[in-house]
2 protein chains.
Amino acid sequence: MTEQPAPTTAAGDPATARGEQTRQLIRDTAMRLFRERGYAQTTMRAIAQEAGVAVGNAYYYFGSKDHLIQEFYAQSQVEHRAAAQPVLDREEAFGPRLAGVLHAGIDVLTPSHGFAATFFKTAAEPTSPLSPFSAESSGPRQAAIELFAEVLTGSTAKVDAELRPQLPELLWLAYMGVVLYWVHDRSPGQTKTRQLIDGVVPLIDRLVALSRLRVLRPVTQQVLDLIRTLRH
Amino acid sequence: MTEQPAPTTAAGDPATARGEQTRQLIRDTAMRLFRERGYAQTTMRAIAQEAGVAVGNAYYYFGSKDHLIQEFYAQSQVEHRAAAQPVLDREEAFGPRLAGVLHAGIDVLTPSHGFAATFFKTAAEPTSPLSPFSAESSGPRQAAIELFAEVLTGSTAKVDAELRPQLPELLWLAYMGVVLYWVHDRSPGQTKTRQLIDGVVPLIDRLVALSRLRVLRPVTQQVLDLIRTLRH
DNA sequence: GTCGGTAGTTGAACACGTTCAAGAAGGGCA
DNA sequence: TGCCCTTCTTGAACGTGTTCAACTACCGAC
């Protein structure tokens, strides 16, 4: 039921735990089949057969078919982080940094649009460990929020002192919104999602800048109070 | 597979189509069991047995277990409309009207919080006919948007002329956001969702009022352009 | 009244995700 | 080498949602 501790597999290291090979084999086979046939059309029996193991063996490593999704989730997060690095190195202004990181996220997801859309329904269920808000996803989620913290800290943007600590999580929330739109985006190449990013980033940028204005201080305060209340 | 035409069942009218009784029996049994045991724990066999029909018969009226959810969906929309009526009759200002209608929606959903949360995952899948954005749900969706149009038209609020036609759909979208929060809301009695409504309505109210300001005209324009682009 | 066609109904059968008791493989220790 | 314990592996079996060929009930037409 519980996950393996994943002993920091160094490149080419043969001294991994006994089952680590099998685990990766099953995971990679599943990812391939998901991409080839889609999530629903890929049966656990097919995954096991293609991987050359028994069905029960897959369940030794992954508690359920859904847990294989979580694997995809974590993997995407790592790829997103890597794809964002050049942007963080290159850009200095807040807007371009944010836009670049959002685009990088969609870049990473794009090859999986077909089946990612299908499985995002599981992520939406609150009781599921797969929900991006769940305790089980807190690892990848924290990593993602950290990425948006870097968007902020590395930028030249001047941000209201009270807003600053809340902002990374808010940006992550906005990213979740973008992903939600992307999942439903049927335009060719999901170009509308790109337009959404390019359209919404300047607005966020402007909003963040405005938050420091004396006149808008009460509103900013009101929003921040609300957010703090709604947090768990 | 397809739905029955639902021949406007007048109260006490015995001259309904032959299967209409069975259809309602199955639907009501399903709703009861969903509430009693939750969605996943209610099997199609249990529904059929409790309703006193064969399993296959349920599939004659409802294409799948998921389609029973759509029934719940439509039913909730009707109840929401009814629960909102007193508010629409009583309130004149935009803010209270909106708050009242949002609260009414949550009022209607509250008794089903346990199982509604579970099934909302199905609604999140873009390919599913159950998605609130899908063509199949366009009936209930249009009705819901119409409800928010009434919030606006009946109010004394002065709204930017260009924003006005877009606003009902935007308010509906905000309502979807509230519902999404509600689904994940684990606070006792979902009080946090109530706080969300009470906190966010004044913000929307203020934002709508501000949209008419000369200084903010470019921003309003920018937002409206973006929305029009992202629409299908 | 009987015939024919549509609407409604049945339950066994299928494929799937998941479980679990049983066993195999490996490695540390005497 | 022999033993034991943990880790890993197996595949039959269970309960589920869903399908479908067969059957029954009803109703209008003649």
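Above this text you will find the structure in question.
About the criteria used
The residue numbers shown here count from 1 along each chain, following its written sequence. All chains are assigned letters beginning with A, and all ligands numbers beginning with 1, in the order in which they are written. Residue-level local features of this predicted model are given only where pLDDT is at least 70; pairs of side-chain atoms are given and counted only at 80 or more, and the full residue set underlies all totals for whole chains, interfaces and linings. Neither water nor hydrogens contribute to the side-chain values; these are computed over all heavy atoms in the structure. Each helix is a run of H or I in the DSSP string that is no shorter than four residues. Each strand is a run of E no shorter than two, and both are numbered from the N terminus. Put simply, a residue is near a molecule or strand once any heavy atom of it comes within 4 Å of that molecule or strand. Pairing of N or O atoms within 3.5 Å defines a polar contact, subject to two protein rules: one partner must be a possible hydrogen donor and the other a possible acceptor, and residues neighboring in sequence count only if both atoms are side-chain atoms. When residue character is reported, Ala, Val, Leu, Ile, Met, Phe, Trp, Tyr, Cys and Pro are called nonpolar, Asp, Glu, Lys and Arg charged, and the others, Gly included, polar. Pairs were defined over the aromatic rings of Phe, Tyr and Trp, the Trp ring being its six-membered one, requiring ring centres within 6.5 Å. Orientation was assigned from the angle between planes: stacked under 30 degrees, edge-to-face over 60, tilted for the rest. By definition, being over a ring means that NZ of Lys or CZ of Arg is both within 6 Å of the ring centre and within 35 degrees of the ring normal.

Let us now look at unusual backbone geometry. Positive phi, normally seen in glycine, also occurs at Gln190 of chain A, with a value near 50 degrees. Structurally, the position occupied by Gln190 of chain A is in the loop between helix 8 (167-184) and helix 9 (191-210).

Moving on: the protein's contact with DNA strand C. The environment of DNA strand C is formed by 20 residues, the closest being Met44, Arg45 and Lys65 of chain A together with Gly19 and Tyr61 of chain B. Counting only the atoms of DNA strand C that lie within 4 Å of the protein, the sugar and phosphate share comes to 63%. At a separation of 2.7 Å, a base oxygen of DNA strand C approaches a polar side-chain atom of Arg45 of chain A. Backbone polar atom of Lys65 of chain A to a phosphate oxygen of DNA strand C: 2.8 Å apart, as the coordinates give it. Elements represented by at least two residues in the surface near DNA strand C include exactly helix 2 (44-51) and helix 3 (55-61) of chain A together with helix 3 (55-61) of chain B. Residues of the surface near DNA strand C, tallied by class, amount to seven nonpolar, eight polar and five charged.

Let us now look at the packing of aromatic side chains. Residue and element names in this part refer to chain A. In this structure the tally under the stated criterion is ten aromatic pairs over all chains. Geometrically, the ring pair formed by Phe34 and Phe115 is tilted, given 5.7 Å between the ring centres and 40 degrees between the ring planes. Of this pair, Phe34 sits in helix 1 (residues 20-37) while Phe115 sits in helix 6 (residues 113-124), and the two are 81 residues apart along the sequence. The rings of Phe34, Tyr39, Phe72 and Phe115 are connected pair by pair, giving a single aromatic cluster. Over the ring of Tyr39 we find Lys65; its NZ or CZ atom is 4.4 Å from the centre of that ring.

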